[in-house]
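# Analysis of the macromolecular model
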Amino acid sequence: MKLLRLGGPGAEAPAVRDEEGATFSLAGLTDDIDGAFLASGGIDRVRAALAEGSLPALDPTGLRVGPPVARPGKVVCIGLNYRDHAEETGAAVPERPVVFLKDPSTVVGPFDPVLIPRGSAKTDWEVELAVVIGREARYLADPAEAAECIAGYAISNDVSEREFQLEYSAQWDLGKSCESFNPLGPWLVTPDEVGDPQELGLRLAVNGEPRQDGSTKNMIFDVAHLVWYLSQYMVLRPGDVINTGTPAGVALGLPGTPYLRAGDTVELSIDGLGTQRQSFRNA
């Protein structure tokens, strides 16, 4: 099952896409797909309504696709979580997850334009598997408990400005929280449809040229470990998003460091989670 939100920014309507690719409105079930919806068993209600055939059909043609989760409370990011990415950036392979927070207001739709910040010379891309929390995770006893706390998965582009991130501050926040720097979606795909989150291919191309081609099986810290680990230091609440890291192939690690410029187009995909496409323009 794939949950999505359709419509203009701030006016998105909740919807669901079934196994056959048909789209149905969720307006009669919920006002939005957000933390409250997830915490109250919303996904189970949608599944039951789909089985009953009680949802009205919806034609998504021409409608903007928004981020599949409204107003995440926080976006927690994991840095250097693929060995090949750590090596290409010259960083040591971490012994514990590298954790930082990204401003939740950076979350935009999967096909929305992304703004290159004023003064930027090093705007970069990062295809990542995003985990959306569906149940509170607080001091989980072990990683085996993580699955019960996951509502689903989505594609995330953890856009980064490397000069701001690495040269302007000892912390990464300046280069991670610029306006529109986290396209998310197109769908929130439920775990039963995704299967093993550690067996997903990730790909990204810039202007049609392949740049990243990796697999979640190469994560240093897997999804279950990350949810468990984070729950020891913060409360993960329904609607929160975890960006789980990116494989090699970012501009920072490529010959000539081909950072993004206005007019560039980035296309991302993850097995079973769909495709994103963004055009970049100056802020």
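The rules behind the values
Residues numbered from 1 in each chain as written. Predicted model: local features only at pLDDT ≥ 70, side-chain atom pairs only at ≥ 80, totals over all residues. Heavy atoms only, no water. Pairing = 2+ DSSP bridges. Helix = DSSP H or I, 4+ residues; strand = E, 2+ residues; numbered from the N terminus. Axes fitted to C-alpha atoms, helices over the stretch in contact; angles between N-to-C directions. Salt bridge = Lys/Arg side-chain N within 4 Å of Asp/Glu carboxyl O. Buried < 20%, exposed > 50% of the residue type's maximum accessible area, 1.4 Å probe, protein only. Contact = heavy atoms within 4.5 Å.

What follows concerns the sheet that holds strand 14 (residues 201-206). Ordered in space as 7-18-17-14-15, the 5 strands form an open sheet in which the pairing is mixed. Each end of this open sheet is capped by a strand with a single partner; those strands are strand 7 (114-116) and strand 15 (209-215). Neighbour to neighbour, the strand axes of the sheet diverge by 20° on average, direction disregarded. Bridge analysis of strand 14 against strand 15 gives 6 bridges, and the strand direction is antiparallel. Residue pairing for strand 15: L204 is matched across the bridge by Q212.

On to the pattern of salt bridges, then. Charged atoms that come close allow side chains of opposite charge to pair. Tallied over the full model, the rule gives 20 salt bridges. Among the salt bridges present, the one from E126 reaches R162, with a minimum N-O distance of 2.7 Å. Here E126 is found in the loop between strand 8 (123-124) and strand 9 (127-133), whereas its partner R162 is found in helix 4 (residues 162-166), with 36 residues between them in sequence. Here E126 falls in the buried class, since its relative accessible area comes to 4%. Judged by its relative accessible area of 3%, R162 falls in the buried class. Salt bridges here are not isolated pairs; linked through shared partners, they connect R5, E12, D32, D34, R64, R71 and D112.

Three or four residues apart is the spacing at which side chains of an α-helix point the same way, because the helix has 3.6 residues per turn. Of all the residues in helix 7 (residues 223-231), the buried ones are V223, L226, V227, Y229, L230 and S231. Each element contacted by the buried residues of helix 7 is listed here: strand 4 (75-79), strand 5 (98-102), strand 9, strand 10 (150-157) and strand 16 (241-243).

A regular strand carries its side chains on alternate faces of the sheet. Taking burial as the measure, the 6 residues of strand 17 (residues 265-270) include 5 buried ones, the bulk of the element. Bridge count between strand 14 and strand 17: 5 bridges; the pairing is antiparallel. Considered in strand 17, the bridge of L204 is made with L268. Where strand 17 lies against strand 18 (residues 274-282), 6 bridges are found, and the strand directions are antiparallel. Bridging across to strand 18, T265 finds its partner in S279. Hairpin connection, strand 17 to strand 18: the antiparallel pair is bridged by 3 residues, and G272 has positive phi, about 80°.

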